[in-house]
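Analysis of the macromolecular model
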Amino acid sequence: MKAHRRLWLVLLVLTVTLIALAATVIMLNKRGEASIVSDAVPSTFSPDQIERGRYLALAGNCASCHTTRGGAEYAGGLGIKTPFGTIYASNLTPDPSTGIGTWSPDHFWRAMHNGRARDGRLLYPAFPYTSYTQITREDSDAIYAWLRTLPPVSKENKAHALGFPYNTQAALAVWRALYFRPDGFAAQSQRSEEWNRGAYLVNGLGHCIACHGARNSLGATTNWDRLDGGQLPGEGWYAPALDSDAEAGLKSWPTAEVVALLKTGVTPRASVSGPMAEVVYRSTQHLSESDLHAMAVYLQALPSHGSAMQQPVPLQRSGALMQRGEKIYSLHCASCHGESGEGKTGMYPPLAANRAVNLASPSNPMQMLRFGGYAPTTEGNPRPYGMPPFGHVLADEDIAAVLTYVRGSWGNNAPEVSMLQVMRR
Ligand code: HEC
Ligand code: HEC
Ligand code: HEC
């Protein structure tokens, strides 16, 4: 009898605890949530508001996720790969049944600011509302206005391909309770107006941290105050720390060069490729000179971490790898990058004293070698030179050897690349 009663008591306590936990999670998911005041869908907008929305949508790079290659603009369907499965971007055209045609500006704001869909469903943070939550209501309304001017496209949203438990709203609710907090941009009065504009763009619409910030095993950004570098999920690319002298080292660049990189995709010291080429092509090249300058000013003022890139002491490398690498280099690479890695100004980047080559992680040079690399075509760089892919020419061991050679010659001093590292990619 006594044991019975104790069991009941334990069960009761457990149930109450579970209910309390669930209530807490639900409450945390609703914090800061604006209520839907109006379901009304406005039909007219001023040309100024629409134009502003068009520009802001470029700054937020909405089309890169919400448009498939060759598909109708903003009609969704692109799969975003995450370690937990694939999440498909939605149809943002004003189609009433498959798009966001019945959404009011209040609904749209709740999606951007709180990550909740019109029907109350919690949205996956593959949609970077964790950053967009910073934007103002005015900017949200402008983007809404611009989206309303698009031709409606009837295209059903694709179901996400996620395994259990990631496919449940409960798991997403717990994740959000732990890692998401709706937030608005708070200007810092001791900083210049330009710095504040840059902070707003970089941390809000620009969502640079989505790639340039480290994440934990549950895919959550670990430090919102830093652009400390991140490995892109499902891809071999590493987005270098923008606030570290050991990586991008933006602090030491002339501001005009940071602007030029975002505007044209190339500077004498760097060129962008892979996912960053997409960002420049679809988003930053379209921003005004003054907005890009503001972003550069903000990025260069980030508190710096890490010290100069080059290791003071030359690292140990396998002699056999170096010799093999040297042969491959003169055969396949020297014609463009030069016998001593000096490159050709305006055509082929130098590999000597190149930050991208000397990053501790060999991810990006490995990607370049395998798949080739192309800077984006921009107004300021209309005919970029490309690097041919070597994935079908060179064996994994050759790639390891030539990268070890490049990373250990002409003053470069980055760790050697093993065949295992190349194979794992
Ligand atoms: C990195 C990829 C990515 C970018 C960039 C992105 N989105 Fe999305 N968006 C998604 C994904 C994925 C979903 C689906 C999330 C879900 O269903 O849980 C989504 C969903 C949405 C939804 C909810 C739609 C619905 O029917 O539930 C809205 C609204 C939205 N995005 C607006 C925007 C706007 C506006 C921008 C640009 C400022 C933008 N998105 C940029 C990936 C992205
Ligand atoms: C989709 C992922 C992604 C997003 C979003 C992104 N980046 Fe990048 N970025 C990368 C990758 C990957 C690289 C490394 C490859 C390269 O250098 O081109 C990179 C490189 C860079 C570099 C060059 C660093 C160097 O060492 O040469 C700068 C500067 C930069 N990003 C700035 C930004 C800014 C500013 C934003 C936000 C407006 C941003 N990035 C958003 C992925 C991203
Ligand atoms: C036909 C000329 C050509 C050849 C041959 C070539 N490259 Fe390149 N390489 C380029 C160009 C152009 C870029 C810049 C591409 C970009 O901006 O995306 C580049 C970029 C790179 C980068 C990235 C540099 C950076 O700043 O991000 C590395 C590393 C690299 N090449 C290594 C090699 C190696 C190793 C070989 C030989 C196996 C080789 N390349 C052969 C033209 C070439």
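1. Overview of the site of ligand 1
Neighbouring residues of ligand 1: 27 residues in total, closest Cys62, Cys65, His66, Tyr124 and His160. Contact distances for ligand 1 include 3.3 Å between an oxygen atom and a side-chain N or O atom of Arg121. In the model, an oxygen atom of ligand 1 is placed 2.9 Å from a nitrogen or oxygen of the His160 side chain. Of all the secondary-structure elements, those providing two or more residues to the shell around ligand 1 are helix 3 (62-66), strand 2 (85-88) and helix 4 (105-114).

2. Focus: the coordination of the iron atom of ligand 3
Four donors placed tetrahedrally about a metal ideally form angles of 109.5 degrees, and six donors placed octahedrally ideally form angles of 90 or 180 degrees. Around the iron atom of ligand 3, the donor atoms from the protein are His337 (NE2) and Met387 (SD), and they sit 2.0 to 2.1 Å away. Given 6 donor atoms and angles of 87 to 180 degrees at the metal, the environment of the iron atom of ligand 3 is assigned as octahedral. Highlighted residues: His337 in helix 14 (residues 334-337) and Met387 in strand 9 (residues 386-387), separated in sequence by 50 residues. Like His337, the residue Met387 is buried in the burial classification.

3. Focus on the pairing of strand 1 (residues 79-82)
The side chains of a regular strand alternate, first on one face of the sheet and then on the other. Examined bridge by bridge, strand 1 and strand 2 share 4 bridges and lie antiparallel to one another. Paired with Lys81 across the bridge in strand 2 is Thr86. In this antiparallel pair of consecutive strands, strand 1 and strand 2, the connection spans 2 residues.

4. Quick look at the sheet that holds strand 1
One open sheet holds the 3 strands; their spatial order is 1-2-3, and the pairing between them is antiparallel. Looking along the sheet, the strands with just one partner apiece sit at the ends: strand 1 and strand 3 (161-162).

5. Notes on the coordination of the iron atom of ligand 2
Ligation of the iron atom of ligand 2 by protein atoms is provided by His212 (NE2) and Met276 (SD), these donors lying 2.0 to 2.2 Å from the ion. Considering all 6 donor atoms around the iron atom of ligand 2, angles at the metal cover 88 to 180 degrees and the coordination shape is octahedral. Pair noted here: His212 is in helix 9 (residues 209-212) and Met276 is in helix 11 (residues 274-282), with a separation of 64 residues, a long-range link.

6. Looking at the domain arrangement of the protein
Taken domain by domain, the protein consists of domain 1 (39-179), domain 2 (193-300) and domain 3 (319-424). Computed over C-alpha atoms only, the centres of domain 1 and domain 2 are separated by 23 Å. Counting each side, the surface lost to burial between domain 1 and domain 2 is near 2000 Å², with a carbon and sulfur contribution of 64%. Counting every contact that joins domain 1 to domain 2 gives 7 residue pairs in polar contact (both at pLDDT 80 or more). Only helix 2 (47-59), helix 3, strand 1, helix 5 (129-132), helix 6 (137-148) and helix 7 (169-179) provide two or more residues apiece to the side of domain 1 that touches domain 2. Looking at the side of domain 1 that touches domain 2 element by element, the count peaks at 4 residues for helix 2. Partitioned by chemical class, the residues of the side of domain 1 that touches domain 2 number 13 nonpolar, 8 polar and 2 charged.

7. Concerning the environment of Arg317
Inspection of the secondary structure puts Arg317 in the loop between helix 12 (289-300) and helix 13 (319-332). What makes Arg317 buried here is its relative accessible area of 19%. It is 36 Å that separates the C-alpha atoms of Arg317 and Leu262, two residues lying 55 residues apart in sequence. Excluding residues within four positions of it along the chain, Arg317 makes contact with Met322, Thr404, Arg407, Gly408, Asn412, Asn413, Ala414 and Glu416. Polar side-chain contacts of Arg317 include one of 3.1 Å to the side chain of Asn413.

Each value, and the rule that gives it
Residues numbered from 1 in each chain as written. Chains lettered and ligands numbered in written order. Predicted model: local features only at pLDDT ≥ 70, side-chain atom pairs only at ≥ 80, totals over all residues. Heavy atoms only, no water. Near = heavy atom within 4 Å. Polar contact = N/O pair within 3.5 Å; in protein donor to acceptor, adjacent residues only side chain to side chain. Helix = DSSP H or I, 4+ residues; strand = E, 2+ residues; numbered from the N terminus. Donors = N, O, S within 2.8 Å, 3.2 Å for Na, K, Ca; no water. Tetrahedral: all angles 85-135°; square planar, octahedral: opposite > 155°, others 65-115°. Buried < 20%, exposed > 50% of the residue type's maximum accessible area, 1.4 Å probe, protein only. Pairing = 2+ DSSP bridges. Domains from an automatic or database assignment. Buried area = accessible area lost by both parts, 1.4 Å probe. Nonpolar A, V, L, I, M, F, W, Y, C, P; charged D, E, K, R; others polar. Contact = heavy atoms within 4.5 Å.

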